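Structural overview for review
Okay, here's what each chain looks like letter by letter:
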Amino acid sequence: MIILGVDPALSVTGYGVIRAERGQLSLIEAGIISTSSRQELPERLGKIYNALVKLISDVKPDCLVLEKLYAHYRHPTTAYLLGQARGVICLACAIQKVKLEEYAATRVKKAIVGRGLASKSQVQRMVSSILGLESVPKYTDVTDALGLAIAHSYIAKARI
């Protein structure tokens, strides 16, 4: 199974692709899709969409995993922008016919670290350890995306 995890945002959208075979997880690809705040919103969303469609076409994942949207009431603009980025990701899944899975951040952390309230640094270390990475990815968005993919592989395995 090839799993694509995506951590959506307008400036830096992280992604991570892993292969889950016979209980082993391996990294296929990870990186970011970046946009500039100087670009108009439609252009930024278009760049995320086009990059994701190309990624899906290249790696042919069995599913794409997103974190469920959680937004603090004090930051409605952040939720609004994040929702738009998630929307183009969902659209890419629908058009490319890729199954979409969503998990709460606490469920992802629990699956990876064993604690739903684990810190970002704990998740980064565990993701690096699980995938045998020599160093922690530069962007936390990449680590979060890989964490989503890893968590899905564990959760899907437990469903069987």
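Everything below is about the structure printed above this text.
To keep things clear, this report deals only with the structure shown in the data block. (Residues numbered from 1 in each chain as written. Predicted model: local features only at pLDDT ≥ 70, side-chain atom pairs only at ≥ 80, totals over all residues. Heavy atoms only, no water.)

1. A closer look at the side chain of Asp-144
Threshold: Counting from the N terminus, the helices are DSSP H or I runs at least four residues long and the strands are E runs at least two residues long. Only heavy atoms matter for contacts: two residues are in contact if any of them lie within 4.5 Å across the pair.
For Asp-144, the location among the structural elements is in helix 5 (residues 140-159). Sequence-distant contacts of Asp-144, defined by excluding residues within four places in its chain, comprise Asp-7 and Lys-120.

2. Details of the layout of surface pockets
Unoccupied space between atoms shows up once a probe the size of one water molecule is rolled over them. Our working rule: Lining residues are those with an atom within 4 Å of a point, where the points come from a 1 Å grid over the protein atoms alone and group into cavities, where a 1.4 Å probe fits but cannot get out, or pockets, open sets with protein on both sides within 12 Å along at least five of seven lines. Grid points are joined across faces, edges and corners, and a volume is the space filled by probe spheres set on the points.
Here the largest pocket defines a volume of roughly 480 Å³. Taken together, 22 residues make up the lining of the largest pocket; nearest its centre are Asp-7, Glu-67, Ala-105, Lys-120 and Asp-144. Looking at the lining of the largest pocket, the elements that each hand over two or more residues are helix 2 (76-96), helix 3 (105-113), helix 4 (120-131) and helix 5. Taken as a whole, the second largest pocket spans an internal volume of roughly 230 Å³. Ala-20, Gly-23, Leu-25, Ser-153 and Lys-157 are, among the 12 residues lining the second largest pocket, the residues nearest its centre.

3. Things to note about the pattern of salt bridges
Test applied: Each reported salt bridge corresponds to a side-chain nitrogen of Lys or Arg within 4 Å of a carboxyl oxygen of Asp or Glu. Only protein chains enter the calculation, and the probe is 1.4 Å; a residue is then buried if its accessible area is under 20% of its type maximum, exposed if over 50%, and partly exposed in between.
Within the structure shown, the criterion is met by 4 salt bridges. Ionic pairing is found between Glu-102 and Arg-86, a salt bridge with its closest N-O pair at 2.2 Å. Placement of Glu-102 in strand 5 (residues 99-103) and of Arg-86 in helix 2 is noted, with a sequence separation of 16 residues between them. Asp-144 is the salt-bridge partner of Lys-120, the closest N and O atoms lying 2.6 Å from each other. Taken together, the residues span a long stretch of sequence, with Lys-120 in helix 4 and Asp-144 in helix 5 at a distance of 24 residues. Residue class for Asp-144 comes out buried when judged on its relative accessible area of 15%.

4. Topic: the pairing of strand 4 (residues 63-67)
Where we set the bar: In short, DSSP must find at least two bridges between two strands for them to pair.
Within strand 4, 4 of the 5 residues are buried, leaving the element largely enclosed by the surrounding structure. Relative to strand 4, strand 1 (residues 2-7) runs parallel, the two sharing 4 bridges. Bridge assignment links Leu-4 to a residue of strand 4, and that residue is Leu-64. As paired elements, strand 4 and strand 5 share 5 bridges and run parallel to each other. Bridging from a neighbouring strand, Glu-67 pairs with Tyr-103 of strand 5.

5. Re the state of the cysteines
What counts, and what does not: Cysteine sulfur atoms that pair up within 2.5 Å are treated as a disulfide.
The final tally for this structure, using the stated rule, is 0 disulfides. Here Cys-63 is not disulfide-linked; the sulfur of Cys-93 is the nearest cysteine sulfur, at 9.1 Å. The exposure class assigned to Cys-63 is buried, which follows from its relative accessible area of 3%. Cys-93 takes part in no disulfide bond, and the closest cysteine sulfur, belonging to Cys-90, lies 6.4 Å away. Judged by relative accessible area, which is 3%, Cys-93 ranks as buried.

6. Topic: the nonpolar core
Generally speaking, a soluble globular protein has its nonpolar side chains buried in company with each other. Our working rule: Joining through side-chain atoms within 4.5 Å is the link that ties buried Ala, Val, Leu, Ile, Met, Phe, Trp, Tyr and Cys residues into a set, and such a set is a nonpolar core.
Counting residues in each nonpolar core, the largest one holds 23 residues, and the members touching the most others are Leu-4, Val-6, Leu-52 and Leu-64. For this core, the secondary-structure elements that each account for two or more residues are strand 1, strand 2 (12-21), helix 1 (41-59), strand 4 and helix 2. When residues in this core are grouped by element, the largest group, 8 residues, is from helix 1. With residues near it in sequence (within four places) discarded, Val-6 still touches Thr-13, Gly-14, Tyr-15, Leu-52, Leu-64, Val-65, Leu-66, Glu-67, Ile-89, Ala-145 and Leu-148. The next biggest cluster of nonpolar side chains, apart from the first, holds 20 residues, and it includes Ile-3, Ile-18, Leu-25 and Val-142.

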